[in-house]
Amino acid sequence: AQPAKRPQIRQLDEVAVNRIAAGEVVERPASAVKELIENALDAGATRIELCLKDGGKTLLRVIDDGHGIPAADLPLALSRHATSKIDGSDLLNIHTFGFRGEALPSMAAVGRMTITSRIDGADAASITVDGGEMGAVKPAALSKGTVVELRNLFYATPARLKFLRSDRAETAAILDVVKRLAMAEPYVGFTVRDITRDEAGRVSFRADAQSGDMFDALGARLRSILGADFADNALPIDAEREGITLTGFAALPTYSRGSNVAQFLFVNGRPVRDKLLIGALRGAYSDFLSRDRHPACVLFLELPPTRVDVNVHPAKAEVRFRDPGNARGLIVSALKHALAEAGHRASTTVSD
Ligand code: ADP
Ligand code: MG
């Protein structure tokens with residue numbers, strides 16, 4: 001028998017590496033939107049506008065008024081593992097959404113990306129990456145901040161393109177991402193414009209920047225995103241235990257839902273979908289709701305970065321708690337307490 005032919009080990013080239021990484025970081029247009037808006041927030045933007053075409057498949061454009069990228073750094077921003085957000089290797093002290101330095105090069109590997117940016121006191125510049133090929137930095141016109149345009153996402157990876165859903169479904173997923181980030185950042189104004197039909201577009205989401213203290217700002221933001229019904233039925237939550245704080249709003253059991261579509265959970269300011277936290281919610285409402293009903297809530301858990309690992313997943317949707325029992329215990333006790341008090345208030349009002 002012929003011996004099997006031994007293939008040679010080779011280092012993958014950068015385009016291939018970026019495409020492979022893109023598979024983890026950008027699953028669909030909504031994941032690109034998450035990365036682009038998080039970058040705008042990390043840059044200190046106070047207004048963020050997203051324009052999309054055809055469910056984000058042909059165009060995503062995020063415009064921010066943040067601190068910008070120096071012209072000379074544009075190629076670096078598009079290089080793998082280049083970030084301005086961590087110093088050295090300290091993954092325990094992360095105060096920004098980003099830190100992996102992967103999003104821009106990954107997106108640029110599966111679409112056509114142009115970044116235009118301007119920092120204070122300098123002229124604007126732009127750079128384009130097409131099919132993994134980086135162009136030169138060129139002078140551009142922009143008054144402030146950064147515009148990142150991503151065209152024809154996944155055209156270079158047809159297998160992924162095939163798995164995208166209808167424009168309507170992709171747009172819905174994008175709006176969900178924007179809403180979650182808008183809940184986490186009530187002082188920032190958000191606009192989403194669908195420019196499928198014409199460049200002026202149709203505003204499909206808008207949340208004006210709020211002011212005042214955090215509870216007021218969050219309350220007003222939730223009223224605009226989730227509606228007056230949620231706001232009128234929500235109990236403020238503000239609890240602390242063993243260095244973990246829990247703030248936000250939890251709705252009365254009477255405002256429950258048939259699925260968990262109205263559960264919005266955040267850990268250290270990041271939107272997460274975490275089984276442990278969802279389980280804790282269920283536990284907190286167990287005396288008040290049947291198994292097929294789901295509570296509505298918007299809750300923010302804050303704990304020292306050393307006690308939670310946000311580096312579990314490339315898209316960072318999951319987190320790992322060092323002591324899961326603490327987080328769970330706080331949620332269950334704080335919500336049970338608030339619900340019991342509300343129940344008590346309701347029954348004394350009735351008997352008055
Ligand atoms: P990360 O966010 O993990 O650092 P990215 O690939 O998303 O990685 O971005 C790379 C770098 O580009 C960031 O660290 C930041 O310095 C810069 N950058 C990206 N987007 C923006 C933006 N909208 N405004 C200012 N700087 C940005
Ligand atoms: Mg980023």
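The name given to the protein in an unreviewed UniProt entry is DNA mismatch repair protein MutL, with Litoreibacter ponti as the source organism. Per UniProt, the protein carries the Sequence similarities (unreviewed entry) text "Belongs to the DNA mismatch repair MutL/HexB family."

### Things to note about the overall build of the protein
Within the protein, the regular secondary structure consists of ten helices and 16 strands. In summary, the protein has a C-alpha radius of gyration of 22 Å against a globular reference of 20 Å for 352 residues, a match within 12%. When its C-alpha atoms are laid out on the principal axes, the protein stretches across 80 × 65 × 40 Å. The long-range fraction of contacts in the protein, counting pairs at least 24 apart against all pairs at least 6 apart in sequence, stands at 67%.

### Concerning the sheet that holds strand E12 (residues 263-267)
The mixed open sheet is built from five strands, whose spatial order is E10-E11-E14-E12-E13. With one partner strand each, in any of the chains shown, strand E10 (234-241) and strand E13 (270-272) form the two edges of the open sheet. Neighbour-to-neighbour, the strand axes of the sheet open up by a mean angle of 20°, direction not taken into account. Here six bridges tie strand E11 (residues 244-251) to strand E14 (residues 297-302), and the two strands are oriented antiparallel to one another.

### Focus: the site of ligand 1
Around ligand 1, the surrounding shell holds 21 residues, and the nearest of these are Asn39, Ala43, Thr83, Gly98 and Ala103. Those elements giving two or more residues to the shell around ligand 1 turn out to be helix H2 (29-42) and helix H4 (103-109). Residue composition of the shell around ligand 1, grouped by class: seven nonpolar, nine polar and five charged.

### A few points about H2
When the terminal C-alpha atoms of H2 are compared, their 20 Å separation across 14 residues agrees well with the 20 Å that a helix rising 1.5 Å per residue should span. Gly44 occupies a position one or two residues after H2 and carries a positive phi of about 75°.

### Some details on the pairing of E11
Regular strands place side chains that alternate from one sheet face to the opposite one. Most of E11 sits inside the fold, with six of its eight residues counted as buried. In terms of strand pairing, E10 meets E11 through eight bridges, oriented antiparallel. Across the sheet, the residue bridging to Leu235 is Ala250, located in E11. Where E10 hands over to E11, the hairpin turn is made up of two residues, of which Glu242 adopts a positive phi near 45°.

### Description of the nonpolar core
Counting residues in hydrophobic clusters, the biggest one holds 90 residues, and the most contacted among them are Val33, Ile37, Met107, Val178 and Ile331. The element that contributes the greatest number of residues to this core is helix H6 (residues 167-184), accounting for eight residues. Looking at which domains feed residues into this core, each of domain 1 (14-207) and domain 2 (227-345) gives three or more. Those residues in contact with Ile331 that sit more than four places away from it in its chain are Leu246, Leu277, Ala280, Leu281 and Ala284.

### Overview of the domain arrangement of the protein
If you check the domain split of the protein, you get domain 1 (14-207) and domain 2 (227-345). On the domain 2 side, the residues contacting the twelve residues of domain 1 number twelve residues. A per-element tally of the side of domain 1 that touches domain 2 places H6 first, with four residues. Residues of the side of domain 1 that touches domain 2, tallied by class, amount to eight nonpolar, two polar and two charged.

### A closer look at the confidence of the model for the protein
Mean pLDDT over the protein stands at 91; residues scoring 70 or higher make up 96%. Scoring of the predicted complex yields 0.92 for pTM and 0.99 for ipTM.

### Observations regarding H6
End to end, H6 covers 26 Å across 18 residues, agreeing with the expected 26 Å (1.5 Å per residue, within 8%). Looking at H6, one finds that the buried residues are Glu170, Thr171, Ala173, Ile174, Val177, Val178, Arg180, Leu181, Ala182, Met183 and Ala184.

### A word on the pairing of strand E2 (residues 59-64)
Where strand E1 (residues 47-53) and E2 come together, six bridges link them in antiparallel fashion. Counted as the bridge partner of Leu52 is Leu60 from E2. A loop of five residues connects E1 with E2, the two strands running antiparallel in sequence, and Asp54 in this loop sits at a positive phi of about 50°. Summarising the sheet, E2 and strand E7 (residues 145-151) pair through six bridges and their orientation is antiparallel.

### Focus: the environment of Asp292
Relative to the helices and strands, Asp292 resides in the loop between helix H9 (275-285) and E14. Look at Asp292 and you get exposed, because 8 C-beta atoms sit within 10 Å. Residues Asp292 and Gly258 lie 34 residues apart in sequence; the distance between their C-alpha atoms is 6.4 Å.

### Considering unusual backbone geometry
Even without being glycine, His81 reaches a positive phi, approximately 60°. Counting through the fold element by element, His81 comes out in the loop between helix H3 (74-77) and H4. Note on His81: 9 C-beta atoms within 10 Å, which makes it exposed. Notably, Phe154 is not glycine yet its phi reads approximately 75°, a positive angle. Within the secondary structure, Phe154 is located in the loop between E7 and helix H5 (158-163).

### A word on the environment of Arg193
Among the structural elements, Arg193 can be located in strand E8 (residues 189-194). Expressed as a C-alpha distance, the spacing of Arg193 and Arg206, which sit 13 residues apart in the sequence, is 8.8 Å.

Cut-off values and rules
Residues numbered from 1 in each chain as written. Chains lettered and ligands numbered in written order. Predicted model: local features only at pLDDT ≥ 70, side-chain atom pairs only at ≥ 80, totals over all residues. UniProt positions renumbered as here; feature names shortened; annotations may be inferred. Helix = DSSP H or I, 4+ residues; strand = E, 2+ residues; numbered from the N terminus. Rg over C-alpha atoms; globule rule 2.2 N^0.38 Å. Contact = placed C-beta atoms within 7 Å. Pairing = 2+ DSSP bridges. Axes fitted to C-alpha atoms, helices over the stretch in contact; angles between N-to-C directions. Near = placed C-beta within 6 Å. Nonpolar A, V, L, I, M, F, W, Y, C, P; charged D, E, K, R; others polar. Expected span 1.5 Å × (residues − 1). Buried ≥ 20, exposed ≤ 12 C-beta atoms within 10 Å, placed from the backbone. Core = buried A, V, L, I, M, F, W, Y, C linked by C-beta atoms within 7 Å. Domains from an automatic or database assignment. pLDDT = per-residue confidence, 0-100.

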